[in-house]
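Read off the chains here:
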Amino acid sequence: MKQTLYLAWRYLAFHRFKTLILLTSITLILYLPVGLRVLVNQSSEQLTQRAEATPLVVGSKGSPLELVLNTLYFRSDFPEPMRYAEAQKVQSSGLAPTVPMYVRYHAQGYPIVGTSFEYFDYRSLRLQSGRFFTLLGECVLGARVAEALGAQVGDSVTSSPENLFDLAGEYPLNMGIVGILAHSDSPDDDAIFVDVKTTWVIEGLGHGHQDLTQREAASAVLSREENRVVANASIVQYNKITPENVDEFHFHGDISDYPVTAVVVLPPDQKSSALLQGRYQSAEERAQISRPSEVMGELLETILTVESFVLAGAVIVGLATLASAALVFMLSLRLRRREMETLFKIGGSRASVGALMASEMVVVLVAGIVLAAGLTFLTSQFGAVLVRALIRM
Amino acid sequence: MPSPVIRVRDLSFRYGEGDFRLHIPELEVGTASSAAIIGPSGSGKTTLLHLIAGITLPQAGKIETHGVDVTTLSESARREFRVKHIGLVFQEFELLEYLSVLDNVLLPYRINSALELTSVVRDRAREIADQVGIADKLARYPGQLSQGERQRVAVCRAVLTEPAVIMADEPTGNLDPLNKGRVLDILFDYAEASGTTLLTVTHDHDLLERFERVVDFKELLS
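Keep in mind it's a predicted model, so treat the numbers as computed, not measured.

A. Inspection of helix α1 (residues 45–53) of chain B at higher detail. Residues and elements named next belong to chain B. Within α1, eight of the nine residues are buried, which leaves the element mostly enclosed by the surrounding structure. Buried within α1 are the following residues: K45, T47, L48, L49, H50, L51, I52 and A53. Two residues or fewer after α1 comes G54, characterised by a positive phi angle close to 80°.

Here it is in structure tokens:
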């Protein structure tokens, strides 16, 4: 047996290119369906984990998937915003605490998540350094954002305008970094967190400028009537909020009308959850309430259906490849007839010659199984990292 | 004639239902002698070698080689007998392209469990390779050798088991004159030194004078 395996090994090593093609085909045939299954399971886990931890999300009527993807993963297009009053309404119902979310703007390619301090507690996010934001204009970076930007506490990041050519649009706001989160292996690692009011400043709903009662601003004042002062565009607007100018920042209008993209609702029990969901069933209601676990479940069903097609395809391709490999093997037996006759003439039995040919296939098959098992193991170990990277893309 | 190492009596053979028929009433080849069989292509010379070696079985007759009637042996016994007592050299060398020269020489030991591949055998293979002038080519592959070198590898493989009979089927058929002489020298030197019988099929009439006996195949047939 040892000698037969040695001869088989020499044959495979000599025809290394042919062996490599055969080995790659067999490895892929075995690995693809199993690896795909492992990857899909891990994707499902990754997607559902965060969704399961988010009981309810309230947002404007529209695509629940878009709402959930924006609120949980800070992805998808900016959903139709709703009034902040909606958060206040749920909060004042006494049925559940709420966490406002306004995910619209970006800074250096990373989403700016306007929320409240409660978000960190609810997601169990810990600080790696610094502190959580307490003032307007302060931000906390996710771990991967800080790594990618090489940013530290004390540095700053500036929001990116949505449209460079919109002169009447929002000002870029320079935000001081006061904290950096520890790694959580979640989308929170890739986000910049600010108080929801800071996002309203970015949007231009709140702003800070020179005190118009001061002499330095006199030249910009156009008219002054009791409490109403009108100034021209030469007035200095602040694009950075500092302890010195924070008192100059103010919001115009009713804060209840200010926009948020969603409100995460955290009902303490099933009854509160059911009552809240009931309130959003009315056709006149302008907001929707979604269960992220259900929304992601539906998405996964679609993915699993696609996976079934991919698996079926992989099986068909695999069978076709195996059939081709078998054909190639049979043809190579014909080509090697002379070699087999030589082996027989110099003392090899038909069984030992057959065993030699079979050993070559078995060696390749076993190597393919080992490689496929190794790849599956690697997928199970590092698939989660890959899935997270794919989710981030 | 010395006592025969090959004795054929009333041999009859034919391939399936084909027209080819072979009938040899008698043939004897003496121990430690050299004999050449000559005859036209397709007359059955190679078939006779296969019958004597026990590769093929006749329909009738008796073939004694080295004192054993190979027609009475089972297939595995014939194989074991062949690998131990008969060395075969072919016109096309019949080397395996994927094995090194050394592995090709050792092939009978790798393909048949009746032979044990030991360090003594390996040393002997190197020694024989040295004698035929291919000691520096043991790590090479057949594709990297000249025709003459390949046939010397085939000769090494045939003599490694120290057979009683070497049967060579057109051993010089694919060689240039220089290599023809060299390969024959090797075969004759080995046969003489070891007392081995050399039975060769050839078309090359220039080589016949070197053999003790020349058998015209047509005269063998009844």
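B. Representation of the pattern of salt bridges within the structure. The full count for this structure, using the stated rule, is 24 salt bridges over all chains. Measuring nitrogen to oxygen at the nearest pair gives 2.9 Å for the salt bridge that ties K89 of chain A to E86 of chain A. Taken together, the residues span about one helical turn, with K89 of chain A and E86 of chain A both in helix α4 (residues 85–93) at a distance of three residues. On the accessibility criterion, E86 of chain A (14% relative accessible area) is buried. Of the charged contacts in the structure, one is a salt bridge between R291 of chain A and E294 of chain A, with a shortest N-O distance of 3.8 Å. For R291 of chain A, a relative accessible area of 30% puts it in the partly exposed group. Three or more residues are tied together by salt bridges with common partners; here these are R7, R9, E26, E28, K62 and E64 of chain B.

C. Representation of empty space enclosed by the protein in the model. Tallied over the entire structure, the rule returns two cavities of 30 Å³ or more. Empty space within the largest cavity amounts to approximately 100 Å³. In terms of lining residues, the largest cavity is bounded by K345 and I346 of chain A together with R82, V83, I86, G87, L88, P108, R157, A158 and T161 of chain B. Looking at the lining of the largest cavity, the elements with two or more residues in it are α2 (75–85), β6 (86–89) and α6 (147–159) of chain B. Considered class by class, the residues forming the lining of the largest cavity number six nonpolar, two polar and three charged. In this structure, the second largest cavity occupies an estimated 50 Å³ of space. Along the walls of the second largest cavity sit T46, L49, H50, L88, V89, F90, M167, A168 and D169 of chain B, which together make up its complete lining. Mapped by element, the contributors of at least two residues to the lining of the second largest cavity are α1, β6 and β7 (165–169) of chain B. By residue class, the composition of the lining of the second largest cavity is six nonpolar, two polar and one charged.

D. Representation of the sheet that holds strand β4 (residues 60–65) of chain B. Residue and element names in this part refer to chain B. The antiparallel open sheet is built from four strands, whose spatial order is β2-β1-β4-β5. Two strands bound the open sheet, and with one partner strand each, they are β2 (21–30) and β5 (68–69). Sheet topology note: the strand β1 (residues 4–14)/β2 ladder contains nine bridges and is antiparallel. Each residue of the ladder has a partner; that of R7, found in β2, is E28. Contacts from α1 reach β1, β2 and β4, with the element oriented near 115° to β1.

E. Examining the domain arrangement of chain A more closely. Under the domain assignment used here, chain A contains domain 1 (2–47 + 299–392) and domain 2 (56–205 + 252–290). For domain 1 of chain A and domain 2 of chain A, the distance between their C-alpha centroids amounts to 49 Å.

F. Examining helix α3 (residues 64–73) of chain A more closely. Counting buried positions along α3 of chain A yields seven of 10 residues, so the element is predominantly enclosed. Two residues or fewer past α3 of chain A, F74 of chain A is found with a positive phi of approximately 55°.

G. Geometry of the interface of chain A and chain B. Of the residues lining the interface, 21 residues belong to chain A; the matching set on chain B comes to 24 residues. Both sides of the chain A and chain B interface together cover about 2,200 Å² of buried area, and 62% of this is carbon and sulfur. Across the chain A-chain B interface, the total number found is one salt bridge. With a shortest N-O distance of 2.9 Å, R338 of chain A and E94 of chain B are connected by a salt bridge. Where chain A packs against chain B, one counts 10 residue pairs in polar contact (both at pLDDT 80 or more). Listing elements by their share of the side of chain A that touches chain B, those giving two or more residues are α1 (2–14), α10 (337–345) and α11 (350–392) of chain A. Across the side of chain A that touches chain B, the residue classes tally to eight nonpolar, seven polar and six charged.

Reading guide: rules and limits
Residues numbered from 1 in each chain as written. Chains lettered and ligands numbered in written order. Predicted model: local features only at pLDDT ≥ 70, side-chain atom pairs only at ≥ 80, totals over all residues. Heavy atoms only, no water. Buried < 20%, exposed > 50% of the residue type's maximum accessible area, 1.4 Å probe, protein only. Helix = DSSP H or I, 4+ residues; strand = E, 2+ residues; numbered from the N terminus. Salt bridge = Lys/Arg side-chain N within 4 Å of Asp/Glu carboxyl O. 1 Å grid on protein atoms, 1.4 Å probe; cavity = no way out; pocket = protein on both sides within 12 Å on 5 of 7 lines; lining within 4 Å. Points joined across faces, edges and corners; volume = space filled by probe spheres on them. Nonpolar A, V, L, I, M, F, W, Y, C, P; charged D, E, K, R; others polar. Pairing = 2+ DSSP bridges. Contact = heavy atoms within 4.5 Å. Axes fitted to C-alpha atoms, helices over the stretch in contact; angles between N-to-C directions. Domains from an automatic or database assignment. Buried area = accessible area lost by both parts, 1.4 Å probe. Polar contact = N/O pair within 3.5 Å; in protein donor to acceptor, adjacent residues only side chain to side chain.

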